[in-house]
Amino acid sequence: MNRIKSFIKNNTDTFRLMALLILIVVLLFVFHVVSFYRMAQVEIRDDMKQDVKVAAGIFDRRISDLGQLARQGALSIARVSEEHDSVEFAATKLLDTYTSVYQFKDCYFVTADNKMYMHNGQLIPVSDEQMESIWSDEDAPDTYKLLSGMGIGGSGFYLASPSYAGDKKIGYFLGGLVLSDSFKEEAASFMELDSNLFIIDANGNVMAEIDKAEDDRFYDLKNLYSYMTGGYIVDSDEPLDGCFSRSDDGYKIISFEGQEYAAAYAAVGSTRECNIVSILRKDDFLMSFVAQRGEEISIMAIDVFIIFITVFCMFFHTLRKEKILEEALCYDSLTGTLTREYFKKSATEILSGNKMNYCVGVIDIIGFRYINELFGRERGNEIIKLLAELITESIGSKELVARRHAECFEVLVADADSLKLSIIAISEKLKAFAVNVDVTYPVILRAGIARTTAKNRDIMDLVDKANAARKAVNPKLDVPIMDYEDVMQADIRQREEIEAAQEAAMEHGEFKVFLQPKMNVQKNELAGAEALVRWIKVDGTMVYPDEFMPVFESNGFVEKLDFYMLDQVCKMQKRLGEEGYELVPISVNQSQMLLKNPNYVEKVMGVLKANDTPRELIELELTETAFFGDTERMVDIMNRLRSEKCRIDIDDFGSGYSSLNMIKDIPFDILKIDRMFFSDSNSGTGKIILEKIVEMAQAMGVDCICEGVETKEQEELLRKIGCKYAQGYLYSKPIPMDEFIEKFMKKDPSAKASG
Ligand code: C2E
Ligand code: CA
Ligand code: CA
């Protein structure tokens, strides 16, 4: 989960870009649809206008065809009634024919005396009002006109043509109109839109409907129209029928009951008596448009979809590539935690991103090396992975964990106290796991922590401090966790205590010479001793040089101490000689600091002379690191010491940056080989190097002594490779002077004892 979050966090830019591109595609699509819709509105308007025009044309042709018939009817009745001198005869005879043979629905003949003959021979009276709408003095012979809404029953829609007998108008032939299916079909086939058309007479009556749409969506438009013609149009500057009566073509948006409608209308040319109207609800525009342009719209949608998918795929491809790259760079392959580099980067971002306090922890398992060696790397890796998992689980989303090396992890968390609790809990879980898999070595976590301060938010510095605290942890603590500040405080306090006590300790003789024997392994006898300082306080507690030497070295007190030790050893040799012991050389450690004193050689000689010490009874142990930097001066010091017949040991050889070459350039007597070659991790190669060093020393004509010999096997090895001397716990730990004399010194039978 954390990894996904951090992945998204680290790719915000890519995700933002992707979101932006998707937004652009969507906007483009919307823009397309909107402009398409606007285009559609124009197109629908044109289509509607076109539709009504086409229908009007077809209707016009149909009317003029039937108009000719009506004219013929009027002429025939005039002729036959003249021949037979009977209008009644002509009407009953011809009307029936015109009805059955021609395409009139019904036929009538209206006479000037308010009578109307029907095709079935019936004669009905016509009201004055009706006569008024039919009869007109302006109607010339051979013409016809369209009548509607006369209320004479049957079709409300008639073609009327006047009959003249000579100059006298004897009546009107009326032919009722029927809009046959073929007419509707013809009109519908020319229509672009799936809308309904209405044929409206001059009075606004719906005479016919040409329905192309198959559903009932437009059904209520009939109703709407009757409202419109009834003057119910609100919000519209001009009623629709007003437009019709002007008998021109047009298009108009009208409001009706809160809905907007588009109406297109066209006059039926020849008669100017009726109109074709198409009405479409504006809400249905898009539907009509989609129905009409469905194919184009789907192609556009597919295009957009393809662009969308392409953009998406491209992004995921880049993201995947970035992800793979990032995983390699940012995540540790074994545990999936962050790499140190990435930790540093992310932690710096977090620390600079806010002002909150954070805590850095460095966590590892005490003596993990042994788990690896005793139970195998695989088991070791299992434990590392579990540890990583448990730490990852314990931290929050804005906290980090990285693998430092092996089983060592770095964390950045908000709260130090909860980190401590987590470490304790994790420790328990690891212990349980170890028991389960028969790892009998105790799995104990240790941690050092460092907190951010107002001044310090530098992650590298905090990690270094936490790491220093980790190293300072006393593994015997119940909860082996150290706070850097506490370590520092403890260090400072300890240092202050040591410094405050050093002079008095010297005065009171609290610094004691302990001696550790050096053995000749070839002859199996005592060959000498090394003097090592112990601080035995008034209360009897013994302090080891590791604790105070670094302080003395930094404050210079070491010079006083070293000369004190030299003096003590010289005095001891003198006493032992006087007491008739067989004397052996005793070596004293000389701090690097001492060599910086230009009078060093003189001071040493001063001590030796003051005690009358034979040169061969004292050896000076110098470490090889003392020769770095100013080799020339060092060689000079060594030469001066040697010219005074002082013996020199090169201490700790092989522990630091040993250089065999350099050793060749300096004069010395004994090479003291560091005990690291006996450490168990060094067994294989250690032996070979040891052998080479001894070989080289022999070639140079100097003796070798090996430190840290703890077992008989090690001693045997030394014997085999020709190393002459050995020193180590196998023979004895450093012990007080008197104890040493008692255990190791023999009286010289040839000497005359004085005590
Ligand atoms: P060093 O000179 O290398 O002394 C040898 C150290 O190894 C001693 O520790 C000794 O107790 C320890 N040792 C001896 N045999 C064995 C063994 O078989 N196994 C193990 N594991 N350790 C063994 P110590 O006495 O604590 O001294 C530590 C260091 O303090 C010395 O290292 C030396 O550098 C310094 N030191 C001690 N006394 C003096 C002194 O009077 N003057 C100066 N300048 N440094 C001193
Ligand atoms: Ca030493
Ligand atoms: Ca040493």
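Residues numbered from 1 in each chain as written. Chains lettered and ligands numbered in written order. Predicted model: local features only at pLDDT ≥ 70, side-chain atom pairs only at ≥ 80, totals over all residues. Heavy atoms only, no water.

Caption draft 1: Representation of the sheet that holds strand β15 (residues 445–451). Overall, mixed pairing links the five strands, which are arranged β13-β14-β12-β15-β16 in an open sheet. Taken across any chain shown, the strands that pair with only one partner, and hence form the sheet edges, are β13 (400–405) and β16 (481–483). The average angle at which neighbouring strand axes cross in this sheet is 20°, direction not considered. Sheet contacts for helix α9 (residues 340–353): β13 and β14 (408–413); angle to β13, the most-contacted strand, approximately 145°. Against the sheet, helix α13 (residues 459–472) touches β12 (359–365), β13, β14, β15 and β16, its axis set at about 140° to β15. (Pairing = 2+ DSSP bridges. Helix = DSSP H or I, 4+ residues; strand = E, 2+ residues; numbered from the N terminus. Axes fitted to C-alpha atoms, helices over the stretch in contact; angles between N-to-C directions. Contact = heavy atoms within 4.5 Å.)

Caption draft 2: Spotlight on the site of ligand 1. For ligand 1, the set of nearby residues contains 22 residues, the closest of which are Q516, D562, R675, E710 and Y729. In the environment of ligand 1, an oxygen atom lies 2.9 Å from a nitrogen or oxygen atom belonging to the side chain of R534. Between ligand 1 and the protein, one listed contact pairs an oxygen atom with a backbone N or O atom of Y729 at 2.8 Å. Summarising the interface, the protein chains cover 84% of the accessible area of ligand 1, which totals 790 Å² for the free molecule. (Near = heavy atom within 4 Å. Polar contact = N/O pair within 3.5 Å; in protein donor to acceptor, adjacent residues only side chain to side chain. Areas by Shrake-Rupley, 256 points an atom, 1.4 Å probe, with all protein chains shown as cover.)

Caption draft 3: The arrangement of the coordination of the calcium ion (ligand 2) in detail. Each protein donor to the calcium ion (ligand 2) is listed here as E530 (OE), N589 (OD1), E621 (OE) and D651 (OD); together their distances run 2.0 to 2.4 Å. Taken in chain order, the donor set of the calcium ion (ligand 2) reads E-x58-N-x31-E-x29-D. Between the calcium ion (ligand 2) and the calcium ion (ligand 3), a separation of 3.8 Å is found, and both are coordinated by D651. In this pair, E530 sits in strand β18 (residues 525–536) while E621 sits in strand β21 (residues 618–623), placing the two residues 91 residues apart along the sequence. Residue E530 is classed as buried on the basis of its relative accessible area, which comes to 3%. (Donors = N, O, S within 2.8 Å, 3.2 Å for Na, K, Ca; no water. Buried < 20%, exposed > 50% of the residue type's maximum accessible area, 1.4 Å probe, protein only.)

Caption draft 4: Region of interest: the pattern of salt bridges. Under the criterion given, the structure shown has 36 salt bridges. Here D364 ties to R470 by a salt bridge, and the two come within 2.4 Å at their closest N and O atoms. Here D364 is found in strand β12, whereas its partner R470 is found in helix α13, with 106 residues between them in sequence. With respect to class, D364 is no different from R470; both count as buried. Note that K465 is salt-bridged to D461, the shortest N-O span being 2.9 Å. (Salt bridge = Lys/Arg side-chain N within 4 Å of Asp/Glu carboxyl O.)

Caption draft 5: Focus on the packing of helix α10 (residues 368–375) against helix α11 (residues 377–394). Where α10 contacts α11, the two axes come as close as 6 Å, and the packing angle between them is 140°. The angle between the axes of α10 and α11 places the two elements in the oblique class. Touching F368, I371, N372 and F375 of α10 are R377, R379, G380, I383 and I384, all from α11. When its residues are assigned to classes, the contact of α10 with α11 shows five nonpolar, two polar and two charged. (Parallel < 35°, antiparallel > 145°, perpendicular 65-115°, else oblique. Nonpolar A, V, L, I, M, F, W, Y, C, P; charged D, E, K, R; others polar.)

Caption draft 6: Quick look at a nonpolar patch on the surface. Together, L17, L20, L23, I24, L27 and L28 make up a nonpolar patch on the protein surface, roughly 550 Å² of accessible area in all. Take L20: it is sitting in helix α2 (residues 12–84). (Patch = residues over 30% accessible without salt bridge, like charges linked within 9 Å, V, L, I, M, F, W, Y side chains within 5 Å.)

Caption draft 7: Fine view of the nonpolar core. If you look at the biggest cluster of nonpolar residues, it comprises 81 residues, and the most contacted ones within it are F511, F548, F552 and Y600. The element best represented in this core is helix α16 (residues 557–578), accounting for 11 residues. Contact partners of F511, with chain neighbours within four places excluded, come to Q502, A505, M506, V533, R534, W535, F548, F552, F557, L561 and Y564. Counting 44 residues, the second largest nonpolar core, distinct from the first, contains V80, L95, L193 and I276. (Core = buried A, V, L, I, M, F, W, Y, C linked by side-chain atoms within 4.5 Å.)

Caption draft 8: Examining the state of the cysteines more closely. Overall, the coordinates contain zero disulfides when judged by the stated rule. Sulfur of C723: no disulfide; nearest cysteine sulfur belongs to C706 and is 4.5 Å away. Assessed through its relative accessible area of 0%, C723 is described here as buried. (Disulfide = S-S within 2.5 Å.)

Caption draft 9: Looking closely at the coordination of the calcium ion (ligand 3). Each protein donor to the calcium ion (ligand 3) is listed here as D651 (OD), D652 (OD), E707 (OE) and E707 (OE); together their distances run 2.2 to 2.5 Å. Sequence positions of the residues that donate to the calcium ion (ligand 3) give the spacing D-D-x54-E. Since its relative accessible area comes to 25%, D652 is described here as partly exposed.

Caption draft 10: Inspection of the packing of helix α17 (residues 600–611) against helix α18 (residues 631–643) at higher detail. Where α17 contacts α18, the two axes come as close as 10 Å, and the packing angle between them is 25°. Comparing the axis directions of α17 and α18 gives the class roughly parallel. Considering only the axes of α17 and α18, their crossing is right-handed. Residues Y600, V601 and E602 of α17 pack against I637, R640 and L641 of α18. (Left-handed = near helix turned anticlockwise from the far one by under 90°.)

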